[in-house]
Amino acid sequence: MAPTSPSSTARLLLTIALGLLLLTNAHPLTPSPSKNPPTKTKSTNGISPELVSTLRETLEAIKGVVSIISSFPIGGILGGGDLRLTSAVADCLDLLDLSSDELSWSMSSSSSSSSSSSSRPGTGDAHADVRSWLSGALGNQDTCKEGLDETGSILGSLVSTGLEAVTSLLADGLGQVAAVGHDDDRRGLVETGRALPHWVGRRERRLLQMAVGPGGLAVDAVVAQDGSGNHTTVQAALDAAPSESGARYVIYVKRGVYKETVEVKKKKWNVMLVGDGMGATVISGRRNYVDGYTTYHTATVAVTGKGFMARDLTVENTAGPAKHQAVALRCDSDLSVFYRCALEGHQDTLYAHSLRQFYRDCRVSGTVDFVFGNAAAVFQNCLLLPRAPLPEQKNSVTAQGRINGTMNTGFAFQFCNVSAHDDLLAAAANRSGSNNKQAATQTYLGRPWKEFSRVVFMQSYIGAVVRPEGWLAWDGDYALDTLYYGEYMNTGPGAGVAGRVGWPGYHVMTSPAEASNFTVAQFIEGNMWLPPTGVRFTAGLTS
């Protein structure tokens, strides 16, 4: 039973009093003058003293927002014991904590003496790293705000000014980075034969190719439901992994269906999950939006720790289409790799939330917006399978959430295959009353979730499941001028561009130079960090 609400006057007075109390106890939203101003340093790849000052100010603004959220009494009249509010608060605290780390990493890039090179995050390319981290931080606070707004709680109003301050400062900092040219281009690392990065160890080079077992891939922990390993759950093995480790920590998950929600927390660096194959090792959950969780909180597997890798397993959310948003995998891990993984669900299957990600030989199935988020992600040789949605729903493969034109984010699909899932073919046949597999399915390559949404399909197979228009509007003419949707040298019955949308932001790319901007080497600096993993990848375009 819901608690009795106070009168509107009493609620207003209570809101004002609580707001004054929380703001009094909070950190200031603008920083106090430092007793010892930082010594000015020379710019390093565009990381100027002015940018460092902006980032310090942003950190103080984040502290103010965190203080308000942490002090908010969840429950009773104000919170009502609402699961969605509890989830939204937890999401915000995690996201703002991650943003603080990303800002700290960015500031450390301005000084060669700030930390040892082996313990530093990123690729070593300061300009690219900082742009990625600030893009992630800017998206984090937007996710926080969105989650709070959906609760209807007064907490959203209490932190709105603080979140706006964080947004403004991060946008300013990101603009400073984007305005500086990339003067240390290392994208030719593999082709020119230069040495691999300093952090590459012998064990790193073949992790995604070696078989598990004697003479093959050495593992640090084994998960087995029958008790034959070190742990019986995946989460227990992750909890036992070292924190902030510079060395790879390999967890072998034996075949079986593990019904649990799993979190790779932000201090669990360089973790790798290895299964016995798609469909053999399965991590299964069913959290969903209808049951009261925020979308961010519905993930069966949620990954935040940097340098995460996974291979030969399935992650699924079995909530079903009627439960709407239900994430299988959510990833906030910078420099993460997913190889031969199946991600299965319906609406919002894969939440590629932030930072740089690479997917190779993966299979992703779903209905509405089943690849969404605001990461800088490249998919190569992946199978994208639109499923049968609810009646009157339209399928969209992507819903990319870039909110600022200076962000490095977007989704690039190369050598991929967009084809109908078996259940969509069956549904189409039933609707048409025949075996016509190409009955109208209302499936599109994507729609613009946010104003600067950016998605490219290139050198891929587009099946007949995709409608001739190719792309779907979100709401009227929203974002049609500011989005960037591109197609380059695709094949298949759904690849024809003659009937595509005529939006200003849609591009039929004919220039290899333009398409190259979305390749592994250029879009996610893959030549700097993918070679050590042993994963197969193509750095650029193929002729």
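Residue positions within a chain follow its written sequence, with the count starting from 1. Reporting of local features is limited, given that this is a predicted model, to residues whose pLDDT is at least 70; pairs of side-chain atoms are given and counted only at 80 or more, and all residues count toward the totals for whole chains, interfaces and linings. Working from all heavy atoms in the structure, the side-chain values ignore hydrogens and water.

**Q** Would you mind going over the pairing of strand 2 (residues 249-253) with me for this structure?
**A** Side chains on a regular strand alternate between the two faces of the sheet. Relative accessible area decides the class of each residue, using a 1.4 Å probe on protein chains only: under 20% of the type maximum gives buried, over 50% gives exposed, and in between gives partly exposed. Numbering of helices and strands runs from the N terminus, with a helix taken as a DSSP run of H or I at least four residues long and a strand as a DSSP run of E at least two residues long. Judged by how many residues are buried, strand 2 sits mostly within the fold: 5 of 5 residues are covered. Burial along strand 2 is two-sided: Tyr249, Ile251 and Val253 facing one way and Val250 and Tyr252 facing the other are all buried. Look down the strands so they point away from you; if going from the first strand over the helix to the second traces a clockwise path, that crossover is right-handed. Where the polypeptide runs from strand 1 (residues 221-223) across helix 8 (residues 234-240) and back to strand 2, its parallel neighbour, the crossover connection is right-handed.

**Q** I'm lost on unusual backbone geometry in this one. Help?
**A** Among all residues save glycine, negative phi is the norm, and among peptide bonds the norm is trans. Unlike most non-glycine residues, His324 shows phi in positive territory, near 60°. As for its position among the elements, His324 is in the loop between strand 8 (309-317) and strand 9 (329-331). Relative accessible area serves as the criterion here: at 32%, His324 is assigned to the partly exposed category. We note that Gln459 has phi near 50°; this positive angle belongs to a residue other than glycine. On the secondary structure map, Gln459 appears in the loop between strand 21 (454-458) and strand 22 (461-462).

**Q** I keep staring at the UniProt feature "active site" (unreviewed entry) in the protein chain and nothing clicks. Help me out?
**A** UniProt positions are given in the numbering used here, feature names are shortened, and annotations may be inferred rather than shown by experiment. This chain's UniProt record puts "active site" (unreviewed entry) on Asp369. When you line up the elements, Asp369 lands in the loop between strand 13 (363-366) and strand 14 (371-373). If sequence neighbours within four positions are ignored, Asp369 has contacts with Asp348, Ser396, Val397, Thr398, Ala399, Arg447 and Trp474. At 2.4 Å, the side chain of Asp369 and the side chain of Ser396 are in polar contact. The criterion used for residue contact is that any of the two residues' heavy atoms lie within 4.5 Å. Here a polar contact is recorded for every N or O atom pair within 3.5 Å, except that within protein the pair must consist of a potential hydrogen donor and a potential acceptor, and residues adjacent in sequence are included only if both atoms are side-chain atoms.

**Q** Whenever I open this one, the nonpolar core confuses me. Can you help?
**A** Here the nonpolar core consists of buried residues drawn from Ala, Val, Leu, Ile, Met, Phe, Trp, Tyr and Cys, with membership extended through side-chain atoms lying within 4.5 Å. Formed by 62 residues in total, the largest nonpolar core has its most connected members in Ile251, Tyr359 and Phe457. When neighbours within four sequence positions are excluded, Phe457 is seen to be in contact with Leu384, Val397, Thr398, Phe413, Val418, Leu445, Ile462, Trp471, Gly486, Glu487, Tyr488 and Asn490. Judged by nonpolar contacts, the second largest core, of 48 residues, contains Val52, Leu155, Leu158 and Leu355.

**Q** Mind showing me how you'd approach the packing of aromatic side chains here?
**A** How two aromatic rings sit relative to each other is set out by the distance from centre to centre and by the angle between their planes. Aromatic contacts are taken between Phe, Tyr and Trp rings whose centres are within 6.5 Å, Trp giving its six-membered ring; a plane angle under 30 degrees counts as stacked, one over 60 as edge-to-face, and the others as tilted. One pass over the structure, following the stated rule, counts 17 aromatic pairs. Pairing Phe379 with Phe413 gives two aromatic rings, centres 4.6 Å apart and planes at 15°, and the pair type is stacked. With Phe379 in strand 15 (residues 376-380) and Phe413 in strand 18 (residues 410-414), the pair connects residues that are 34 residues apart, well separated along the chain. As far as burial versus exposure is concerned, Phe379 and Phe413 are alike and both buried. In textbook terms, an aromatic cluster arises when at least three aromatic residues are bridged by ring pairs, as seen for Phe308, Phe338, Tyr359, Phe379, Phe411, Phe413, Phe457, Trp471, Tyr485, Trp503 and Tyr506. To sit over a ring, a charge needs its Lys NZ or Arg CZ within 6 Å of the ring centre and within 35 degrees of the ring normal. Positioned above the aromatic ring of Tyr289, the side-chain terminus of Arg84 is 3.7 Å from the ring centre. Sitting over the face of the ring of Tyr296, Arg330 holds its NZ or CZ atom 3.6 Å from the ring centroid.

**Q** Where do I start with the state of the cysteines in this structure?
**A** What makes a disulfide is a covalent bond joining the sulfur atoms belonging to two cysteines. For the purposes of this analysis, a disulfide is any pair of cysteine sulfur atoms at a distance within 2.5 Å. Applying the stated criterion across every chain yields a total of 1 disulfide. Between the sulfur atoms of Cys92 and its disulfide mate Cys144 the distance is 2.1 Å. Its S-S torsion of about 100° marks the bond between Cys92 and Cys144 as right-handed, since a negative value means left-handed. Of this pair, Cys92 sits in helix 4 (residues 83-108) while Cys144 sits in helix 5 (residues 126-149), placing them 52 residues apart in sequence. On the basis of relative accessibility, which here comes to 1%, the residue Cys144 falls in the buried class. Of the cysteine sulfurs around Cys362, a residue in no disulfide, the closest is that of Cys382, at 4.7 Å.

**Q** Can you walk me through the packing of helix 5 against helix 6 (residues 155-178) in this structure?
**A** Two measures define how a pair of helices packs: the angle their axes make with one another and the distance between the axes. Following both chains from N to C, one finds helix 5 and helix 6 inclined at 160°, their axes separated by 10 Å at the closest point. Comparing the axis directions of helix 5 and helix 6 gives the class roughly antiparallel. Seen from above, helix 5 lies across helix 6 with left-handed handedness. Across from His127, Val130, Arg131, Leu134, Ser135, Ala137, Leu138, Gln141, Cys144, Lys145 and Leu148 in helix 5, the residues of helix 6 making contact are Leu155, Gly156, Val159, Leu163, Val166, Thr167, Leu170, Ala171, Gly173, Leu174, Val177 and Ala178. The convention used is that axes are lines fitted to C-alpha atoms, helices contributing only their stretch in contact, and that angles between N-to-C directions extend from 0 to 180 degrees. Angle categories are assigned with fixed cut-offs, so that under 35 degrees is roughly parallel, over 145 is roughly antiparallel, 65 to 115 is roughly perpendicular, and the rest are oblique. Take the far helix as the reference: if the near one is turned anticlockwise from it by less than a right angle, the crossing is left-handed, and if turned clockwise, right-handed.

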